Amino acid sequence: MTSDTPADTFPRQYARTLRYTVGAPRSFAVAPDGSRVVFLRSRSGSDRANLLWTLDTTTGAERIAADPAVLLGGGEEDLSPAERARRERSREGSAGIVGYALDGAGRLAAFALSGRLFVTDLTTGSASELPAEGPLLDPRPSPDGAYVAYATTGGELRLTRTDASADWAFAEPDGPGVTWGQAEFIAQEEMSRDRGFWWSPDSDRLLAERADDTPVERWWIADPANPGREPARIAYPAAGTANAEVGLWALGLDGTRVEVQWDREAFPYLARVHWSAGGPPLLLVQARDQRSQQILGVDVETGATAVLHAEQDDAWLELFAGVPAWTPDGKLVRISDEGGARALVIGDHTVTGADLHLRSVVAVTEDEVFFTASGGAEETDPEPGWTAVGRISHDGKRLAWESANGEPFTSVTSAVHAAGITVRATAEHGRPGSVVQVGRDLPEGVVVDEIAVIDSYAETPVLTARPVFRFAGERRIPAAVLLPTGYDRERDGLLPVLMDPYGGPHGQRVVQAHNPHLNSQWFADQGFAVVVADGRGTPGRSPAWEKSIAFDFAGATLDDQVEALQALAAEFPLDLGRVAIRGWSYGGYLAALAVLRRPDVFHTAVAGAPVTDLALYDTHYTERYLGHPAERPEVYEANSLIPLAAGLERPLMIIHGLADDNVVAAHTLRLSSALLAAGRPHTVLPLSGVTHMTPQEEVAENLLLLQVDFIKRSLAG
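These numbers come from a predicted model, not from an experiment.

1. Some remarks on the overall build of the protein chain
Then step 1. Along its length, the protein chain carries 13 helices and 46 strands.
Then step 2. In terms of overall size, the protein chain behaves like a compact globule, its C-alpha atoms giving a radius of gyration of 25 Å where 717 residues would be expected to give roughly 27 Å.
Then step 3. Principal-axis analysis of the C-alpha atoms places the extent of the protein chain at approximately 75 × 60 × 55 Å.
Then step 4. In the protein chain, buried positions account for 58% of the 717 residues.

2. What to know about the packing of helix 8 (residues 553–568) against helix 9 (residues 586–597)
Then step 1. The contact between helix 8 and helix 9 brings their axes to 10 Å, and the two run at 80°. In terms of orientation, helix 8 lies roughly perpendicular with respect to helix 9. On the side of helix 8, the interface is formed by F553, A554, G555, T557, L558 and Q561, while helix 9 contributes Y586, Y589, L590, L593, A594 and R597.
Then step 2. In terms of residue class, the contact of helix 8 with helix 9 is built from eight nonpolar, three polar and one charged.

3. A closer look at helix 8
Then step 1. Taking 1.5 Å of rise per residue, the 16 residues of helix 8 would be expected to cover 22 Å, and the 23 Å separating its terminal C-alpha atoms lies within 8% of that figure.
Then step 2. Of all 16 residues in helix 8, 13 are buried, a share of seventy percent or more.

4. So, the packing of aromatic side chains
Then step 1. One pass over the full model with this rule turns up 23 aromatic pairs.
Then step 2. Seen in terms of ring centroids, Y14 and Y20 are 6.0 Å apart; in terms of plane orientation they differ by 55°. Their pairing is tilted. Considered together, Y14 and Y20 belong to a single accessibility category, that of buried residues.
Then step 3. Here the aromatic residues W316, Y502, F553, Y586, Y589, Y617, Y621 and Y625 are joined through ring pairs into a cluster of three or more.
Then step 4. Positioned above the aromatic ring of F471, the side-chain terminus of R476 is 4.0 Å from the ring centre.
Then step 5. Over the face of the ring belonging to W545 we find R541, whose NZ or CZ atom lies 4.4 Å from the ring centre.

5. Some remarks on the pairing of strand 40 (residues 477–482)
Then step 1. For strand 40, the buried fraction is high: six of the six residues fall into the buried class.
Then step 2. What you see with strand 40 is no split at all: I477, A479 and V481 on one side and P478, A480 and L482 on the other are buried throughout.
Then step 3. By the bridge criterion, five bridges tie strand 39 (residues 468–472) to strand 40 in an arrangement that is antiparallel. Following the sheet pairing, V468 is matched in strand 40 by V481.
Then step 4. In this structure, the hairpin formed by strand 39 and strand 40 is closed by a connection of four residues, where G473 is found at a positive phi of approximately 75°.
Then step 5. Here four bridges tie strand 40 to strand 42 (residues 529–533), and the two strands are oriented antiparallel to one another.

6. Structural notes on the pairing of strand 4 (residues 62–66)
Along any regular strand, the residues point their side chains to alternate faces of the sheet.
Then step 1. Taken together, the four bridges between strand 3 (residues 49–56) and strand 4 define a ladder with antiparallel strand orientation. Each bridged residue has a counterpart across the sheet, and for L55 the counterpart in strand 4 is E62.
Then step 2. Linkage of strand 3 to strand 4, two consecutive antiparallel strands, is achieved through a turn of five residues, within which G60 is found at a positive phi near 80°.

7. What to know about the side chain of N243
Then step 1. Note that N243 resides in the loop between strand 18 (232–235) and strand 19 (245–252).
Then step 2. What makes N243 buried here is its relative accessible area of 14%.
Then step 3. Polar contacts involving the side chain of N243 include one to the side chain of Y269, which spans 3.0 Å.
Then step 4. Only 2.7 Å separates the side chain of N243 from the side chain of T619, close enough to count as a polar contact.
Then step 5. In this view, N243 contacts I186, P215, V216, P237, Y269, R288 and T619; residues no more than four positions away in its chain are not counted.

8. A few points about the sheet that holds strand 22 (residues 282–286)
Then step 1. Pairing is antiparallel in the open sheet, where four strands are placed in the order 21-22-23-24. Sheet topology places strand 21 (269–274) and strand 24 (305–312) at the edges, where each strand pairs with a single neighbour. Here the strands of the sheet are splayed against their neighbours by 20° on average, with no regard to which way each runs.
Then step 2. Here strand 21 runs beside strand 22; their pairing, made up of five bridges, is antiparallel. From the neighbouring strand, L270 faces strand 22, where its bridge partner is V285.

9. Comments concerning the pattern of salt bridges
Then step 1. In this structure the tally under the stated criterion is 40 salt bridges.
Then step 2. Between D167 and R158 there is a salt bridge, with its nearest N and O atoms 2.8 Å apart.
Then step 3. Within this structure, D313, D337, R342, E546 and K547 form a network of salt bridges that share partners.

10. So, the sheet that holds strand 9 (residues 126–129)
Then step 1. Ordered by their spatial adjacency, four strands build an open sheet running 6-7-8-9, and the pairing between neighbours is antiparallel. With partners counted over all chains shown, the strands left at the sheet margins are strand 6 (101–102) and strand 9, one partner each.
Then step 2. In this structure, strand 6 lies alongside strand 7 (residues 108–113), joined through two bridges in antiparallel fashion. Looking across to strand 7, one finds that L102 is bridged to A109.

11. Things to note about helix 9
Then step 1. Over its 12 residues, helix 9 runs 16 Å from end to end, which matches the ideal 16 Å to within 8%, given 1.5 Å per residue.
Then step 2. Every buried residue of helix 9 is listed here: Y586, G587, G588, Y589, L590, A591, A592, L593, A594, V595 and L596.
Then step 3. The elements touched by buried residues of helix 9 are helix 8, strand 43 (574–584), strand 44 (604–608), helix 10 (619–626), helix 11 (633–639) and strand 45 (652–657).

12. Re the environment of A31
Then step 1. The topology assignment puts A31 in the loop between strand 1 (26–30) and strand 2 (36–41).
Then step 2. What makes A31 buried here is its relative accessible area of 0%.
Then step 3. For the pair A31 and A169, spaced 138 residues apart in sequence, the C-alpha to C-alpha distance is 30 Å.
Then step 4. In this view, A31 contacts R36, A105, G106, A418 and A419; residues no more than four positions away in its chain are not counted.

Basis of the calculations
Residues numbered from 1 in each chain as written. Predicted model: local features only at pLDDT ≥ 70, side-chain atom pairs only at ≥ 80, totals over all residues. Heavy atoms only, no water. Helix = DSSP H or I, 4+ residues; strand = E, 2+ residues; numbered from the N terminus. Rg over C-alpha atoms; globule rule 2.2 N^0.38 Å. Buried < 20%, exposed > 50% of the residue type's maximum accessible area, 1.4 Å probe, protein only. Axes fitted to C-alpha atoms, helices over the stretch in contact; angles between N-to-C directions. Parallel < 35°, antiparallel > 145°, perpendicular 65-115°, else oblique. Contact = heavy atoms within 4.5 Å. Nonpolar A, V, L, I, M, F, W, Y, C, P; charged D, E, K, R; others polar. Expected span 1.5 Å × (residues − 1). Phe/Tyr/Trp six-rings, centres within 6.5 Å; stacked < 30°, edge-to-face > 60°. Lys NZ or Arg CZ within 6 Å of the ring centre and 35° of its normal. Pairing = 2+ DSSP bridges. Polar contact = N/O pair within 3.5 Å; in protein donor to acceptor, adjacent residues only side chain to side chain. Salt bridge = Lys/Arg side-chain N within 4 Å of Asp/Glu carboxyl O.

What follows is the structure, encoded as structure tokens:
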């Protein structure tokens, strides 16, 4: 639907709708019998409160399974600081039901609202509150539906019966800083692991994380605009400092407690846990330098572990969604970098080749593995930025793509599969938003018998993005170019250039979709030729492409921005005498780096929330790419922006949220102090009360307008 506000502007709409995600269906699950699809969606593109919905796969009919407004009696949500921090880690900006978990039959759903525990019967739509000690986090039903386990902000892991007859502490903190059943900061922020406990398939015990963050340094996040407000005290494991101590226990409902044993000194990171009927629980544990890891099988009776597979890499070992896992007949499924390719391995056999670049495992069935992948043969990809869903037999002899009318879904943004039902969200660069299709897999595995399309209530953007995709330069750097709407080369001539990268690990910007390019199109419509380039270090190409930045952020990522810019100027109307660059987070680092190191190419920069001193960023991320600061101090010095401050020759605006606990404001303040000490003029824009996420719509609009004004004035001068 379109916005009803006549004065709506893109910046306001973009912020208000959380980048047009409000009202779009998300968080899909398929019942094990294939009878229903479960998902979240708000009532409209202007309502952030998600409801829980089901779709009947026989009729295609949708039904509300739980409504927060009804369950809370129309009252406002009351989130605990722990829940707010959890949502910050996952970049969650919506409200209402933001997550749920199902029992083994896919009949009972559990979720938290305002720190309280609710369950709903998905067959009847009957929802109710269960007795629980709050504020609580991450409730999850047992597979048999008899219990719900949940964590509390006080560090407990608790159980409640779904018949509401009892609620009790299952594991309690044995000291300050100890939590049970919660993923620690590093797991949430950097490992994409937000869970801290896992039910056994038989519902008779749980594997539960015990984390002790007392060794972690304490930092203070203050709000200078409100000096009477007490600063927030956070545990932040900066590079080279201590992490939380993480262990795992098998806790039986009969009272037994067994600590899971592995070499935690050599492999302190608990990166993945998988427990299914195909075999014993699986752990993936990593060394602190992330250059070696082990997949372990766990004996829950004794706590002993056995090494099922060990890996090493000279750069680092990447983590993937959906693996490790078991096939139903006990074969280990994993993704591995082998022979220059990122491949799927089932049992002892590598079943995909160099033509595919595996992204994730979606599901493992009795005879197939469903996965997402991009093109691995870089020299033959027709266009950059595609991802598709494939399915392959366990022996690797039958590979097919999920497709409709013979055409694969090549811009898949998410997918789930169970019981012969696949739910996939697909995007196209010429169409706003995503289309969520529910399909029944046909035996030949070539086409999909469509059951339904899940409606999206997201607002239609007030502008249209028109990206043109290219592989730029000798390295074939994935790039998108966006010109002003209505641009005419004969009339308008060459345009000032705005490079708009993220440019770093886990941040693919050049994708075959429409909405991710809207922000760049808005900047283009202000009179720029906007270039988005995914250089080395960004995902989706090959292991070598991603790992070429090992121990060198500042070299490869900046070089590729320059190469893409200069190569694209041969085809597009780029005025290389007027080049600006902007970015946020890693993109902010890259923008500031560009004007500090290459003022001959870049004439002004806007750096949002930049990491300026790598020693101030967290352990798992920074040490993965740059090593331990005590072992490689020269690498940290070479990649830091602080030593470059005296060389600033171009206008630079630095923007930072003062409440940011991911990239703390100290990064900007240290760079600003170094620039001041060197007598280098610059602009700092502090955002009071703003975290690493998007601010309020009024702030967002003015923030973009101020950036445009700064860039135009800088290029005109």
